[in-house]
Amino acid sequence: MKNDLKDIKEALLQRIEDLCRQLLPRGRLEGGLWVSHNPLYHEKGKIPTFKVRVRGGDPGAWRDWRSGDKGDVIGLVAHCLQTDIRGALAWSRGFLGWETLSLDERRRLRSNMVERSRKKEREDEKRRNFKLIKAHELWMQGAESKLLPSVKFDEFHSAEGHAINYFQLRNCPLQRIPNLATETFRFSLQTEWWKGAKWRTENGRRFKEHDGPTYPAIHSAMRNHLGILTACHVTFLDPVKPQKAPVDPAKLMFGFAKGSVIELAFGPEPKPFWEADEPHPVILTEGIETGLSIAIAVPEARIWACGSLSGIGSAPVDLRCVGTILFARDNNTGNSQAQKQFEQALLSLEESGKPVRVMASHVGDDFNDLADGENDD
């Protein structure tokens, strides 16, 4: 075997989207991931859980959240072709057109790869800055209707009123939450559900043909350990009824959510977590409504919603203001994929060295279901 593993890996990463289209032709690009069914298993009718990182993060890294299979870009080739590393490298040389290269051609190729790698780094940085700006603009889209502590809850304009009614019917009314975080929510009457937009591709570039439908929405800031907004979480609402919009999914995140959280409640120290010093328990949840329900019952805790199980695993729990970590998990009964993600998130939290406790509702799927049950009695 030629000693070119490093070069092949770098070349595959530079063509990662083409590689995914070749190996996983029935998949599609979703954000920075190529999402597909696992080619080794019969998964007709099941949600695709095989995901390959194409942009951002660690390109070429992949995981099947159902089976647990994972690896790097060379492992991706080996997995999809059911071969070993030697076979994956041989196939990759053919995919890249390297089978008949001379020594001089290989040297020129390596030099070009270095230059392309540097160019990609510059483009990735430019793309990251663009997404950060757009995420902040999305959150600020509802700036004319933001929740202020001095505003009475019966004096909202329609965007706020619609959102307040939504939280009320979800049994997590904002007015009952002590130390509600004040720089988290914004409300909008018209936010594009961008999953419904139509795009076309010409000469390798994507163009937007028309926007997706618009709905009232709750915009929630996702902030990192420094308090910098890196992503915006959007809950789309029905235009008439105080419930989720009739789209799937009704909740979307834009930006870079990893390592960032939605601060819902300050806890006993009335400061945002990036300014706080006193260690207090922090409760981590996936969803906003679940976190708000817990905040009503446990006013002494900081409450952060993380948007997903992987988001919980990457929460900035190494801050001084974080004492005991309470992982408020959803039950997800019978969902093996969610169980694997839970185990991975729990392991990541335990690596912080701080005490970690798991809490789960004994009613329904999460603590918001528990609140629903208590209000039904």
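So, here's what we can say about the structure.

Points about the nonpolar core
Ranked by size, the top nonpolar core spans 30 residues in total, and within it Phe167, Phe185 and Leu292 carry the most contacts. Residues in contact with Phe167, not counting those within four places in the same chain, are Cys172, Pro173, Leu174, Phe185, Ile218, Ile288 and Leu292.

A short note on the side chain of Arg186
With respect to the helices and strands, the residue Arg186 is situated in strand S6 (residues 185–192). Of the residues examined, Arg186 reaches a relative accessible area of 3% and is grouped as buried. Reaching out from Arg186, the side chain makes a polar contact with the side chain of Glu183 at a distance of 3.0 Å.

Remarks on the packing of helix H1 (residues 5–14) against helix H4 (residues 85–96)
As a packed pair, H1 and H4 sit with axes 10 Å apart at the nearest point and diverge in direction by 55 degrees. The pairing of H1 with H4 is recorded here as oblique in orientation. Between H1 and H4 the crossing geometry is left-handed. Judged by residue contacts, Leu5, Ile8, Ala11 and Leu12 of H1 engage Ile85, Leu89, Ser92, Arg93, Phe95 and Leu96 from H4. When grouped by side-chain class, the residues that make up the contact of H1 with H4 number 8 nonpolar, 1 polar and 1 charged.

Focus on the layout of surface pockets
Here the second largest pocket is characterised by a volume of approximately 360 Å³. Surrounding the second largest pocket, 18 residues form its lining, Arg26, Ser36, His37, Asn38 and Glu43 being those nearest its centre. For the lining of the second largest pocket, the elements supplying multiple residues, two or more each, are strand S1 (28–30) and strand S2 (33–36). Here the lining of the second largest pocket is composed, by residue class, of 7 nonpolar, 6 polar and 5 charged.

What about the pattern of salt bridges?
Throughout the structure, instances matching the rule amount to 17 salt bridges. Ionic pairing is found between Arg186 and Glu183, a salt bridge with its closest N-O pair at 3.0 Å. Here Glu289 makes a salt bridge to Lys251, at a shortest N to O gap of 2.7 Å. Of this pair, Glu289 sits in helix H7 (residues 288–297) while Lys251 sits in strand S11 (residues 251–255), and the two are 38 residues apart along the sequence. For Lys251, a relative accessible area of 26% gives the class partly exposed. Taken together, the shared-partner salt bridges connect Glu17, Arg21 and Arg55 into one network.

Some thoughts on the sheet that holds strand S3 (residues 50–53)
The strand order across the open sheet formed by 5 strands is S1-S2-S3-S4-S5, and the pairing between neighbours is antiparallel. The outermost strands of the open sheet, each flanked by one partner alone, are S1 and strand S5 (70–71). Examined bridge by bridge, S3 and strand S4 (residues 62–64) share 3 bridges and lie antiparallel to one another. Paired with Val52 across the two strands is Trp62, which belongs to S4.

Section: H4
For H4, built from 12 residues, the straight-helix expectation of 16 Å at 1.5 Å per residue is met to within 8% by its first-to-last C-alpha distance of 16 Å. Considered for burial, the residues of H4 that qualify are Ala88, Leu89, Ser92, Arg93, Phe95 and Leu96. Summarising the axial view, the buried residues of H4 lie within an arc of 160 degrees, below the 170-degree limit, and thus occupy one face. Where the residues of H4 are buried, they touch H1, helix H2 (16–23) and helix H3 (73–81). For H4, the side-chain oxygen to backbone nitrogen distance between the N-cap and Arg86 is 3.3 Å, and the N-cap itself is Asp84.

Overview of the sheet that holds strand S9 (residues 214–223)
Sheet architecture is open: 4 strands sit in the order S6-S9-S10-S11, paired in antiparallel fashion. Of all strands in the sheet, those with a lone pairing partner are S6 and S11, marking the two edges. Recorded for the sheet is a direction-independent mean angle of 30 degrees between the axes of neighbouring strands. Of the strand pairs in this sheet, S9 and strand S10 (residues 229–236) are connected by 7 bridges, and their pairing is antiparallel. Across the sheet, the residue bridging to Ile218 is Thr235, located in S10. Its contacts with the sheet place helix H6 (residues 158–169) against S6, S9, S10 and S11, and it is angled at close to 105 degrees to S6.

Calculation rules
- Residues numbered from 1 in each chain as written.
- Predicted model: local features only at pLDDT ≥ 70, side-chain atom pairs only at ≥ 80, totals over all residues.
- Heavy atoms only, no water.
- Core = buried A, V, L, I, M, F, W, Y, C linked by side-chain atoms within 4.5 Å.
- Buried < 20%, exposed > 50% of the residue type's maximum accessible area, 1.4 Å probe, protein only.
- Contact = heavy atoms within 4.5 Å.
- Helix = DSSP H or I, 4+ residues; strand = E, 2+ residues; numbered from the N terminus.
- Polar contact = N/O pair within 3.5 Å; in protein donor to acceptor, adjacent residues only side chain to side chain.
- Axes fitted to C-alpha atoms, helices over the stretch in contact; angles between N-to-C directions.
- Parallel < 35°, antiparallel > 145°, perpendicular 65-115°, else oblique.
- Left-handed = near helix turned anticlockwise from the far one by under 90°.
- Nonpolar A, V, L, I, M, F, W, Y, C, P; charged D, E, K, R; others polar.
- 1 Å grid on protein atoms, 1.4 Å probe; cavity = no way out; pocket = protein on both sides within 12 Å on 5 of 7 lines; lining within 4 Å.
- Points joined across faces, edges and corners; volume = space filled by probe spheres on them.
- Salt bridge = Lys/Arg side-chain N within 4 Å of Asp/Glu carboxyl O.
- Pairing = 2+ DSSP bridges.
- Expected span 1.5 Å × (residues − 1).
- Arc of directions from axis to C-beta.

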